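# Report on the structure
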Amino acid sequence: MDPGFPPDDIAPIAILMDELRAEDVQLRLNAIHRVSTIALALGPERAREELIPFLQESVDDEDEVLLALAEELGRSFEEYLGGPEYAHVLLGPLENLAAVEETLVRDKAAESISKVAGVLSSGQIETYYIPLLRRLSRGEWFTSRTSSAALFAPVYAKVSPPIQEELRKGYAALGSDDTPMVRRAAAKWLGSFIKELSKQHVLSDGLPIYRRLQSDDQDSVRLLTVEDLIVIAQQLSPAEVKEQLLKQIRQSVSDKSWRVRYMAANHFNELAEAVGQELVREELIGHYVQLLKDNEAEVRTAGSGQIPGFAKLLDREVILARMVPCVRDLSKDASQHVRAALANQISGLAPLLGKDATIEHLLPLFLTLLKDEFPEVRLNIISKLETVNTVIGIELLSESLLPAIVELAEDKSWRVRQAIIEYIPLLATQLGKPFFDEQLGNLCMEWLGDTVYSIREAATVNLKKLAEVFGVEWAKVAIVPKVVGMGQHPNYLYRLTTIQAISSMAPSLNLDIIRSDILAPLLALATDPIPNIRFNVAKALEVLATTYGTTPDGKELCQQRIIPLLEQMKQDQDADVRYFATRALQKMTAAMEG
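Residues numbered from 1 in each chain as written. Predicted model: local features only at pLDDT ≥ 70, side-chain atom pairs only at ≥ 80, totals over all residues. Heavy atoms only, no water.

Quick note on the threshold: UniProt positions are given in the numbering used here, feature names are shortened, and annotations may be inferred rather than shown by experiment.
The name an unreviewed UniProt entry assigns to the chain is ARM repeat-containing protein, from the organism Heliocybe sulcata. UniProt annotates the chain under Sequence similarities (unreviewed entry) with the comment "Belongs to the phosphatase 2A regulatory subunit A family."

### Comments concerning the packing of aromatic side chains
What counts, and what does not: Two rings belonging to Phe, Tyr or Trp (six-membered ring only in the last case) form a pair when the distance between their centres is within 6.5 Å. Interplanar angles under 30 degrees mark stacking, angles over 60 mark edge-to-face geometry, and anything in between is tilted. Strands are runs of DSSP state E lasting at least two residues, helices are runs of H or I lasting at least four, and both sets are numbered from the N terminus onward. Only protein chains enter the accessibility calculation, which uses a 1.4 Å probe; a residue whose area is less than 20% of its type maximum is buried, one above 50% is exposed, and one in between is partly exposed. For a Lys NZ or an Arg CZ to count as sitting over a ring, it must be within 6 Å of the ring centre and within 35 degrees of the ring normal.
Under the definition given, this model contains 11 aromatic pairs. Judged by centre distance (6.0 Å) and plane angle (75°), the rings of F152 and F193 are edge-to-face. You can see F152 sitting in the loop between helix 9 (142-148) and helix 10 (153-156) and its partner F193 sitting in helix 12 (residues 180-196), a full 41 residues away along the chain. Here the aromatic rings of Y156 and F193 are separated by 5.5 Å at their centres, their planes lie at 85°, and the arrangement is edge-to-face. Pair noted here: Y156 is in helix 10 and F193 is in helix 12, with a separation of 37 residues, a long-range link. With respect to class, Y156 is no different from F193; both count as buried. An aromatic cluster is present here, built from F152, Y156, Y171 and F193 joined pairwise through their rings. One residue, R48, lies across the ring of Y86, its end atom 3.7 Å from the ring centre. The lysine or arginine in question, K539, covers the ring of F580, its NZ or CZ lying 5.1 Å from the ring centre.

### A few points about the pattern of salt bridges
To keep things clear, this is the line we draw: Salt bridges are identified by distance alone: a Lys or Arg side-chain nitrogen within 4 Å of an Asp or Glu carboxyl oxygen.
Here the structure, examined in full by the defined rule, presents 27 salt bridges. The closest approach of N and O atoms between K587 and E542, which form a salt bridge, is 3.3 Å. Here the residue K587 occupies a position in helix 39 (residues 575-593), and E542 occupies one in helix 37 (residues 531-548), the gap between them amounting to 45 residues. Owing to a relative accessible area of 38%, K587 belongs among the partly exposed residues under this scheme. Overall, E542 belongs to the buried group, its relative accessible area being 10%. Via salt bridges that share partners, E71, E72 and R75 belong to a single interconnected network.

### Notes on the environment of R250
Formally: Two residues qualify as a contact provided that any one of their heavy atoms is within 4.5 Å of a heavy atom in the partner residue. For the purposes of these results, a polar contact is taken to be a pair of N or O atoms within 3.5 Å, where, inside protein, one atom must be able to donate a hydrogen and its partner to accept one; residues adjacent in sequence count only when each atom of the pair is a side-chain atom.
For R250, the position within the fold is in helix 16 (residues 238-253). In this structure, the C-alpha to C-alpha distance between R250 and H287, residues 37 residues apart in sequence, is 7.6 Å. With residues near it in sequence (within four places) discarded, R250 still touches E283 and H287. A distance of 2.4 Å separates a polar atom in the side chain of R250 from a polar atom in the side chain of E283.

### Focus: the environment of T143
For T143, the position within the fold is in helix 9. With relative accessibility at 6%, the residue T143 sits in the buried group. Along the backbone, T143 and V100 are 43 residues apart, and their C-alpha atoms lie at a distance of 6.7 Å. Ignoring any residue separated from it by four or fewer positions in sequence, one finds T143 in contact with A98, A99, V100, E101 and R106. Within polar-contact distance, the side chain of T143 engages the backbone oxygen of A99 at 3.0 Å.

What follows is the structure, given as structure tokens:
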């Protein structure tokens, strides 16, 4: 050991070396996660001279250790090496990691190299980064060439024109590489590289690379070029798109591989916005209809998800003539996933078509989908009815769709029943009191006795919201007597629901109703034989006391009726009842004093 170094100075790097050689993977992983602390302890100079060379040789390890290392080196690690002027030192270990076999490690290393590129000066890039890029992009193994595709775009704008030309040629070489994995990486990163190019170079260099990849014999390469197509279209004028890209658009949309067509359908709106209005009318509407009628359900599902977004770019007459017939066919599609995707989006057409066309063309489809055998389809329609309501008005909506909604309220799938319950307060606001009482009032009470707990819970929240919509007096007449009546039910679950409904509704009522209608039945349940009921009574009393205990009348009620009962419940034989009674008393005292 060199006597110039005190033993303490040697310790951090020695500990790291020992831990990175340990048999246990977890120890090695922990050591990597602490590498920034070790670099800090060593100081910038020793971190550069000892730690980085050591890490550069540590690439023969488990993938998860290498992944952690690639990640750590991208977390502004140059700060521990003396600042951005030494950031290029990190490129050594990251270059090694970018050439390993495991894809996750390579991707993370490329991401970290891109981050390092962000802090490098132009001089450092030309001296250190460009040689690294040359080595990776011309590497013997496909792994390094694959990683290099992500590294062109981050530095393109920072280098001189001759090097920019070299980068364009280098990227073109990746696009025509013999290995499909390299071409796939070139297709994946082509969009971000093209964004850096000038328009002249997009046409002279970017387009040929894209065309070569778009006509690749591997569908895994072609499907990645759909997003590149959108980026190129965004860089060009509508006339140039028509001249340069029309053939490629047609090829992608009618590709023999369903995966490419799926990508085209999934990104159709972005493509339509990029190519301009004229091309949408002349070309894309036909291609879109073709995708909605595709043989593969996955493609039709992706296409259905784009319906309102694409329709916004069309005239109303075109939507009615070209898209509505497709939507009609999709509503009867054999695949439940297609119908579910359509149900999620179809309401978006209503504002575009207007009231009369919605009533004529869309309402029958809503009814069809509301009665679909697949729960998710019904669920998606219910959750989007609000959009339709704003277009056709609640009267028509309730007339045509309410019978179906009432039917769904008793649906065998509890998730559908839950979706209906959550939609009820909105319906109530729009229908008004008389209509609601007549059509939906009884339903709301029936849900309190549902066999599924989530429905009973949602039903109690629903009653609270209804009390807020229609007011306290309505709640006193329409809800409170029915809720309180359930407290006498022989089944303890109904009695429990009564207590939960009271807890939920109490803040939306007033002290008079609590005093006259609610408190006596609630206190009666405090002597119920079931402990679960008794401790829920204590919880409900806590809600009442904290809600109303701050007013003089409320304090009086608490002292006369609630506190004596809770004191009694503190002596209960059940531990849970005693706990909740004690907690309720503490909260009540705090509320009354506060």
